[in-house]
Amino acid sequence: MDQPSGRSFMQVLCEKYSPENFPYRRGPGMGVHVPATPQGSPMKDRLNLPSVLVLNSCGITCAGDEKEIAAFCAHVSELDLSDNKLEDWHEVSKIVSNVPQLEFLNLSSNPLNLSVLERTCAGSFSGVRKLVLNNSKASWETVHTILQELPDLEELFLCLNDYETVSCPSICCPSLKLLHITDNNLQDWTEIRKLGVMFPSLDTLVLANNHLHAIEEPDDSLARLFPNLRSISLHKSGLQSWEDIDKLNSFPKLEEVRLLGIPLLQPYTTEERRKLVVARLPSVSKLNGSVVTDGEREDSERFFIRYYVDVPQEEVPFR
């Protein structure tokens, strides 16, 4: 079968890590030595291959010689293939299946939406724990196939994929701890709640730069949907009500919140924003990346009381 046109993974690997371009360094894990290849092969006798390979923006379209990939990449644990021209999942599978120690894979900004990911291909990813598919326009069908075949997946990045809805698979993924799904168009809570069903062990949920306009869920249901959620980012979401902020108290393990750039807080000063939010979230220990000290919490709660002292009783927050 003819190789797809374009540059191969193996070709780029040889060019970037050849002794001429990347001098060989001695020491454990610093380089790989393989026997001399047959006459006429472009392979070097010796390449300086670290365990973390960065081959982004190299015009890669295909795998190249699988035996050579296996010989040189047996020790590689992290692989960045972002912003290449990979559009066939079979070619990605040829690369990954020959990197047995691979735990981190970045396929961002490759046009992989142009092909269908079959389960046999996805099976070659089974050891991957961190997968980045930002701006790949990966369909939910593709994501479901990946989830079925990656039993140890812990971190998943699905940013900039133009999602307006979330599609639940037939089975959940209990291994996933961190989900980045920023810069999409997820406006309705009915879509966000599906993430809790899909990922029951989720520890960190990053929803920044979506257009979520409200958290529409009973308090007891929120606790069941996200029982392990420790950190959530709602940066530049569309939240407009203090009731939505109060809802965050329903997550039983929540410790960290990011809430910059939401419409609700725009009318307030910087001091008012932080103190009012801190006072409403008694269990949160980190807000917008800054630790909430005991002293700050006490000051915020005093400020909160004074702020609402002259407000009609029916408008006073429950907190």
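Residues numbered from 1 in each chain as written. Predicted model: local features only at pLDDT ≥ 70, side-chain atom pairs only at ≥ 80, totals over all residues. Heavy atoms only, no water.

Draft legend 1. The arrangement of the packing of aromatic side chains in detail. Under the counting rule described, the total for this entry stands at nine aromatic pairs. Each ring, one from Phe-304 and one from Tyr-308, has its centre 5.1 Å from the other, and the planes form 65°; the classification is edge-to-face. Comparing Phe-304 with Tyr-308 shows no difference in burial state: the two are buried. An aromatic cluster is built from Trp-242, Tyr-268, Phe-303, Phe-304, Tyr-307 and Tyr-308, whose rings are joined through pairwise contacts. (Phe/Tyr/Trp six-rings, centres within 6.5 Å; stacked < 30°, edge-to-face > 60°. Buried < 20%, exposed > 50% of the residue type's maximum accessible area, 1.4 Å probe, protein only.)

Draft legend 2. Broad picture of the pattern of salt bridges. Inspection of every chain in the model, using the stated rule, returns 15 salt bridges. In this structure, Arg-129 and Glu-154 form a salt bridge, with 3.1 Å as the shortest nitrogen-oxygen distance. Of this pair, Arg-129 sits in the loop between helix H4 (119-122) and strand E8 (130-132) while Glu-154 sits in the loop between helix H5 (140-149) and strand E9 (155-157), and the two are 25 residues apart along the sequence. In this structure, Glu-217 engages Arg-193 in a salt bridge whose closest nitrogen and oxygen atoms are separated by 2.9 Å. Remark: Arg-193 occurs in helix H6 (residues 189-198) and Glu-217 occurs in the loop between strand E11 (204-206) and helix H7 (219-225); sequence separation between them is 24 residues. (Salt bridge = Lys/Arg side-chain N within 4 Å of Asp/Glu carboxyl O. Helix = DSSP H or I, 4+ residues; strand = E, 2+ residues; numbered from the N terminus.)

Draft legend 3. Up close: unusual backbone geometry. Its identity as a non-glycine residue notwithstanding, Ser-57 has a phi of 55°, on the positive side. As for its position among the elements, Ser-57 is in the loop between strand E4 (52-54) and strand E5 (60-62). Look at Ser-57 and you get partly exposed, because its relative accessible area is 44%. For Asp-162, which is not glycine, the phi dihedral falls at a positive 60°. The residue Asp-162 is located in the loop between E9 and strand E10 (178-180) in this model.

Draft legend 4. Region of interest: empty space enclosed by the protein. Evaluated as defined, the whole model comprises one cavity of 30 Å³ or more. Volume-wise, the largest cavity comes out at about 30 Å³. Forming the walls of the largest cavity are Trp-89, Leu-112, Asn-113, Leu-133, Ser-136, Ala-138, Ser-139 and Thr-142. The residue makeup of the lining of the largest cavity, split by class, is four nonpolar, four polar and no charged. (1 Å grid on protein atoms, 1.4 Å probe; cavity = no way out; pocket = protein on both sides within 12 Å on 5 of 7 lines; lining within 4 Å. Points joined across faces, edges and corners; volume = space filled by probe spheres on them. Nonpolar A, V, L, I, M, F, W, Y, C, P; charged D, E, K, R; others polar.)

Draft legend 5. Representation of the sheet that holds E8 in the model. An order of E4-E6-E7-E8-E9-E10-E11-E12-E13-E14-E15 is seen for the eleven strands of this open sheet, with the pairing classed as mixed. At either end of the open sheet lies a strand with only one pairing partner, and these are E4 and strand E15 (290-291). As judged from the three bridges shared by E9 and E10, these two strands associate in the parallel manner. Across the sheet, Glu-155 pairs through a bridge with Leu-178, a residue of E10. (Pairing = 2+ DSSP bridges.)

Draft legend 6. Broad picture of the layout of surface pockets. Considered as a void within the structure, the largest pocket measures approximately 210 Å³ in volume. Residue lining of the largest pocket: Leu-259, Leu-260, Gly-261, Ile-262, Leu-265, Gln-266, Thr-270, Arg-273, Arg-274, Val-277, Leu-287 and Asn-288, and that is the complete set. A per-element tally of the lining of the largest pocket places helix H9 (residues 270-280) first, with four residues. Per-class residue counts for the lining of the largest pocket are six nonpolar, four polar and two charged.

Draft legend 7. Structural detail: the environment of Glu-91. With respect to the helices, strands and loops of the structure, Glu-91 is situated in helix H3 (residues 89-96). Taking C-alpha positions, Glu-91 is 9.5 Å from Ser-8, a pair spaced 83 residues apart along the chain. At a separation of 2.9 Å, a polar atom in the side chain of Glu-91 contacts the main-chain amide nitrogen of Ala-63. (Polar contact = N/O pair within 3.5 Å; in protein donor to acceptor, adjacent residues only side chain to side chain.)

Draft legend 8. Region of interest: the packing of H9 against helix H10 (residues 294-307). It is the contact of H9 with H10, at a shortest axis distance of 8 Å, that shows an interaxial angle of 100°. Here H10 runs roughly perpendicular to H9, going by the angle between their axes. Contacts between H9 and H10 pair Glu-272, Arg-274, Lys-275, Leu-276, Val-278, Ala-279 and Arg-280 from the former with Glu-296, Arg-297, Ser-300, Glu-301, Phe-303, Phe-304 and Tyr-307 from the latter. Here the contact of H9 with H10 is composed, by residue class, of six nonpolar, one polar and seven charged. (Axes fitted to C-alpha atoms, helices over the stretch in contact; angles between N-to-C directions. Parallel < 35°, antiparallel > 145°, perpendicular 65-115°, else oblique. Contact = heavy atoms within 4.5 Å.)

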